[in-house]
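Now for the letters of each chain:
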Amino acid sequence: MGCRDRHFSFPIIGGSMSYTQKVLDELKARYPEQPEFIQAATEILGTIQPALDAHPEYEEAALLERLVEPERIVMFRVPWVDDQGKVQVNRGYRVEFNSAIGPYKGGLRFNPTVTLGMLKFLGLEQILKNSLTTLPMGGGKGGSDFDPKGKSNNEIMHFCQSFMTELYRHIGPNTDVPAGDLGVGGREVAYLFGQYKRLTNEWTGVLTGKGLSFGGSLARTEATGYGLVYFVDEYLKSRGESFEGKNVVVHGSGNVAIYAVQKVAQLGGKVLACSDTHGWVEDPDGIDYTVLEHVYNKKRSGHDKGVTLAMYVDEKPNAVWHEGDGRGVWQLPCDIALPCARENTLLLEDAQALVANGCKVVGEGANMPTTIEATTYFQENGVAFMPGKAANAGGVLVSGLEMSQNAEHLSWTFEEVDGKLEQLMRGMFHNVDDTAKEYGEEGNFVMGANIAGCSPRASAKSSLDIACDEAPSHSGREPFSMVERAVRPRLVHLKVLDK
Ligand code: NDP
Ligand code: 2IT
């Protein structure tokens, strides 16, 4: 019963099964076909029991059951016409998971591997991540099994327009605000936004990650990679260290990876290698992020057939290309590893190689790139492990700042946005670190992030209030909703005005 170690443990309380274990068992029985969702739920539920122990009323209010069940899921067909005139049909999804502290917020993923279970894993992570940013955003995620690779711009446009033709009824600037994720970048967001505007006859900040000429925020492109490095740097600072002179390996070479590479170099570190789905590249001079940008843009030009990261060596002849599995980067001796590709791409054997070769810090740029076994191995072997829901929160954080700018009809400078990003990511590290210490698990950043993420903009004492957006008051008890608390003073104020 339960997980295999103390890091994801389900204690027996008073001879009976813990609340977290009970909820997880129910989820496993109900959703056996959703392994990624179960994995994410295991990681969260396996660390938050200490925050629940002092609050038996949470179980009575079925608080966890409500946290793990989405408020709403929209599933739809997406018919579109390819360049040969043939009708194609894909599946579209939006998981509107939790709106307790703000509109649903989270990216769209276009990838042939997309399933409902994958989007539920990403949506569940997003709830806690968005709460950690301290901005008022609920959690959501969506996407399609559409594969943008090898498609012309015309096909991408037709797909995006058809996708939005259904999605537009379910979203809105105060309801649900999607953005990009794997396979969805600036080009796709532009097509989606244009279609939303045509259908609604309204310009609103309904999507983030928009182009700068139509309401996008400066520094959104860089935000996830920069934020990751600020977060890891704050950890290093807390130990009297820095990126200066550190060797770093990066998995992936997409949006998150590119700007992590740039920021590591700015802070004095050296990125030895990075990867794509075709292989990995090693550069003795340190990976040059500008070359990665060139390859990235070629991959998204609408003429991407045959374009791979191997093209890096055309511009950097000292570099070496290794065809095959990009996980080769984990074999290199390094101080810091930054997995920035996608889920479950850093396995136990990779963790063992990294530890054997001296790696001391892992910062997840991707969502859940490290398997539970690999995470456990890192934690048991003294590696500081920074979970993605905190370490990669910079992207959605600047999305939140984009929403603020749109609402104000203003654009902030790059320095203003980057400054807020840095301040909030560094602050987030301390929130996570302090929470782990408060629960007697110093250095367990997974536990710190999960408990702090359940406690939006509040001390860890009100843990898990996020899920109580509609706590039943039938028993005459006070609902302990964060929303209720936020709203109550205003209600009192209104009553005073009524008199
Ligand atoms: P991109 O599509 O820009 O880049 C993804 C990168 O990972 C590419 O280099 C891709 O290679 C590689 N990759 C994809 N699948 C695999 C695989 N199965 N094995 C190895 N490598 C793979 O995506 P992003 O950089 O935007 O996102 C990366 C991760 O970060 C995802 O987990 C995403 O959910 C997460 N994230 C993204 C945020 C954002 O703002 N973009 C915010 C927070 C998290 P190839 O080019 O060959 O496909
Ligand atoms: O996983 C993520 O946090 C994202 N893909 C970014 C979501 C957003 O709304 O900017």
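Calculation notes
- Here, residues in each chain are numbered from 1, in the same order as that chain's written sequence.
- Think of it this way: whatever chain is written first is A, whatever ligand is written first is 1, and the rest follow in order.
- Side-chain atom pairs in this predicted model are given and counted only at pLDDT of 80 or more, local residue features only at pLDDT of at least 70, and totals for whole chains, interfaces and linings cover all residues.
- Side-chain numbers here rest on the full set of heavy atoms in the structure, without hydrogens or water.
- Here a helix means four or more residues in a row that DSSP labels H or I, a strand means two or more in a row labelled E, and each is numbered from the N terminus.
- Summary of the burial criterion: residues with accessible area below 20% of their type's maximum are buried, those above 50% are exposed, and those between are partly exposed, where the area comes from a 1.4 Å probe applied to protein chains only.
- Whether two residues touch is decided by their heavy atoms; if any such pair falls within 4.5 Å, the residues are in contact.
- Each accessible area value is a Shrake-Rupley result obtained with a 1.4 Å probe; residue values ignore everything except the protein chains displayed when judging cover.
- Predictor confidence is given residue by residue as pLDDT, running from a minimum of 0 to a maximum of 100.
- Any residue with a heavy atom lying within 4 Å of a molecule or strand is counted as near it.
- Pairs of N or O atoms are called polar contacts if they sit within 3.5 Å, as long as, within protein, a hydrogen donor faces a hydrogen acceptor (for residues adjacent in sequence, only side-chain-to-side-chain pairs).
- Residue polarity is assigned by list, with Asp, Glu, Lys and Arg as charged and Ala, Val, Leu, Ile, Met, Phe, Trp, Tyr, Cys and Pro as nonpolar; anything else, Gly included, falls into the polar class.
- Only the six-membered ring of Trp is used, alongside the rings of Phe and Tyr, when aromatic pairs are assigned; centres must lie within 6.5 Å, and planes under 30 degrees apart are stacked while those over 60 apart are edge-to-face, with the rest tilted.
- The set of buried Ala, Val, Leu, Ile, Met, Phe, Trp, Tyr and Cys residues whose side-chain atoms join them within 4.5 Å is what this entry labels a nonpolar core.
- By definition, two strands form a pair when at least two bridges between them are found by DSSP.
- The convention used is that axes are lines fitted to C-alpha atoms, helices contributing only their stretch in contact, and that angles between N-to-C directions extend from 0 to 180 degrees.
- Here the expected span of a helix is defined as 1.5 Å times the quantity of residues minus one.
- Throughout, disulfides are identified as pairs of cysteine sulfur atoms within 2.5 Å of each other.
- Every definition here rests on a 1 Å grid over the protein atoms only: cavities are sets of points where a 1.4 Å probe fits but cannot get out, pockets are open sets enclosed by protein on both sides within 12 Å along at least five of seven lines, and lining residues have some atom within 4 Å of a point.
- Grid points are joined across faces, edges and corners, and a volume is the space filled by probe spheres set on the points.
- Between Lys or Arg on one side and Asp or Glu on the other, a salt bridge is scored when a side-chain nitrogen of the former is within 4 Å of a carboxyl oxygen of the latter.

**Examining the overall build of the protein**
Here is step 1: For the protein, the count of helices and strands is 19 helices and 14 strands.
Here is step 2: Every one of the 499 residues in the protein was classed for burial, and the buried ones make up 57%.
Here is step 3: In the protein, of all internal contacts separated by at least 6 residues, the share reaching a separation of at least 24 is 71%.
Here is step 4: Total accessible area on the protein stands at roughly 19600 Å², and carbon and sulfur atoms take up 51% of it.

**Examining the confidence of the model for the protein**
Here is step 1: With 88% of its residues at a pLDDT of at least 70, the protein reaches an overall mean of 90.
Here is step 2: Segment residues 1-6: pLDDT under 50, and 14 contacts once partners within four positions in sequence are set aside and those in other chains are kept.
Here is step 3: pLDDT under 50 marks residues 457-499. Its contacts with residues more than four places away, or in other chains, come to 70 contacts.

**Quick notes on the site of ligand 2**
Here is step 1: Residues in contact with ligand 2 amount to 14 residues; listed here are only the nearest, Lys105, Lys129, Asp181, Arg220 and Ser399.
Here is step 2: Lys141 is positioned with one of its side-chain polar atoms (N or O) 3.0 Å from an oxygen atom of ligand 2.
Here is step 3: Within the side chain of Ser399, a nitrogen or oxygen atom sits 2.6 Å from an oxygen atom of ligand 2.
Here is step 4: Here ligand 2 loses 93% of its free accessible area of 300 Å² to cover by the protein chains.
Here is step 5: Those elements that place two or more of their residues in the shell around ligand 2 are strand E5 (104-110), helix H6 (116-132) and helix H16 (394-408).
Here is step 6: The residue makeup of the shell around ligand 2, split by class, is two nonpolar, seven polar and five charged.

**A closer look at the site of ligand 1**
Here is step 1: Taken together, 28 residues lie around ligand 1, and Lys149, Asp181, Thr224, Thr277 and Lys299 are the ones closest in.
Here is step 2: Asn367 is positioned with one of its side-chain polar atoms (N or O) 2.8 Å from an oxygen atom of ligand 1.
Here is step 3: Relative to its unbound accessible area of 880 Å², ligand 1 is 87% covered by the protein chains.
Here is step 4: Looking at the shell around ligand 1, the elements that each hand over two or more residues are helix H9 (220-238), helix H10 (255-266), strand E9 (270-276) and helix H11 (289-299).
Here is step 5: Among the residues making up the shell around ligand 1, the classes are represented as six nonpolar, 13 polar and nine charged.

**Digging into the packing of aromatic side chains**
How two aromatic rings sit relative to each other is set out by the distance from centre to centre and by the angle between their planes.
Here is step 1: For the structure shown, the criterion picks out 19 aromatic pairs.
Here is step 2: Judged by centre distance (6.1 Å) and plane angle (90°), the rings of Phe110 and Phe146 are edge-to-face. Of this pair, Phe110 sits in strand E5 while Phe146 sits in the loop between strand E6 (139-144) and helix H7 (153-167), placing them 36 residues apart in sequence.
Here is step 3: Taking relative accessible area as the criterion, Phe110 reaches 1% and is therefore assigned buried.
Here is step 4: Classification of Phe146 by relative accessible area gives buried; the value is 1%.

**Describing the nonpolar core**
Here is step 1: One finds Val250, Leu338, Met386 and Met428 to be the most contacted residues of the largest nonpolar core, which totals 59 residues.
Here is step 2: Excluding residues within four positions of it along the chain, Val250 makes contact with Ala257, Val261, Val271, Ala273, Cys274, Ser275, Val329, Leu338 and Cys340.
Here is step 3: If you look at the next biggest cluster of nonpolar residues, it comprises 35 residues, including Leu52, Val68, Val95 and Phe97.

**Considerations on the sheet that holds strand E12 (residues 336-339)**
Here is step 1: Taken in spatial order, the seven strands line up as E11-E10-E9-E8-E12-E13-E14 in an open sheet, and their pairing is mixed. Both edges of this open sheet fall to strand E11 (320-323) and strand E14 (384-386), since each of them pairs with a single strand only. Sheet twist, expressed as the average angle between the axes of neighbouring strands with direction ignored, equals 15°.
Here is step 2: By the bridge criterion, two bridges tie E12 to strand E13 (residues 361-363) in an arrangement that is parallel. Bridged to Ile336 within E13 is Val361.

**Quick notes on the sheet that holds strand E3 (residues 72-81)**
Here is step 1: Strand order in the open sheet formed by five strands is E3-E4-E6-E5-E7, and the pairing between neighbours is mixed. If you trace the sheet from one side to the other, it starts and ends with E3 and strand E7 (176-179), each paired once. Pairwise comparison of adjacent strand axes, ignoring direction, gives a mean angle of 20° for this sheet.
Here is step 2: In the sheet, strand E4 (residues 87-98) pairs with E6 via six bridges, with the strands oriented antiparallel. Bridge assignment links Val95 to a residue of E6, and that residue is Lys141.
Here is step 3: This element, H6, spans E3, E4, E5 and E6 of the sheet and lies at about 150° to E6.

**Re helix H8 (residues 186-200)**
Here is step 1: Between its first and last C-alpha atoms H8 spans 21 Å; for 15 residues at 1.5 Å apiece the expected length is 21 Å, and the two agree.
Here is step 2: Each element contacted by the buried residues of H8 is listed here: E5 and H7.
Here is step 3: Positive backbone phi, at 55°, marks Asn201, one or two positions downstream of H8.

**Structural notes on the state of the cysteines**
Here is step 1: Taken as a whole and assessed by the stated rule, the structure comprises zero disulfides.
Here is step 2: In this structure Cys340 is not part of a disulfide, and its nearest cysteine sulfur, from Cys274, lies 9.7 Å away.
Here is step 3: Residue classification places Cys340 among the buried residues on the basis of a relative accessible area of 7%.
Here is step 4: In this model Cys359 remains outside any disulfide bridge; the closest cysteine sulfur is found in Cys334, 4.2 Å from its own.

**Observations concerning the layout of surface pockets**
To find the voids left in a structure, one rolls a probe of water-molecule size over its atoms.
Here is step 1: Each pocket or cavity is described by its volume, and for the second largest pocket that value is around 270 Å³.
Here is step 2: Forming the boundary of the second largest pocket are 16 residues, of which Pro173, Met403, Ser404, Asn406 and Ala407 lie nearest the centre.
Here is step 3: With five residues, the single largest contributor to the lining of the second largest pocket is H16.
Here is step 4: By residue class, the composition of the lining of the second largest pocket is nine nonpolar, seven polar and no charged.

**Observations regarding the pattern of salt bridges**
Here is step 1: Scanning the entire structure with this criterion turns up 26 salt bridges.
Here is step 2: Linking Glu65 and Lys22 is a salt bridge whose minimum nitrogen-to-oxygen distance equals 3.9 Å. You can see Glu65 sitting in helix H5 (residues 63-68) and its partner Lys22 sitting in helix H1 (residues 19-30), a full 43 residues away along the chain.
Here is step 3: Classification of Glu65 as partly exposed rests on a relative accessible area of 23%.
Here is step 4: Between Arg109 and Asp181 there is a salt bridge, with the nearest N and O atoms lying 2.7 Å from each other. Here Asp181 lies in the loop between E7 and H8 and Arg109 lies in strand E5, a separation of 72 residues in the sequence.

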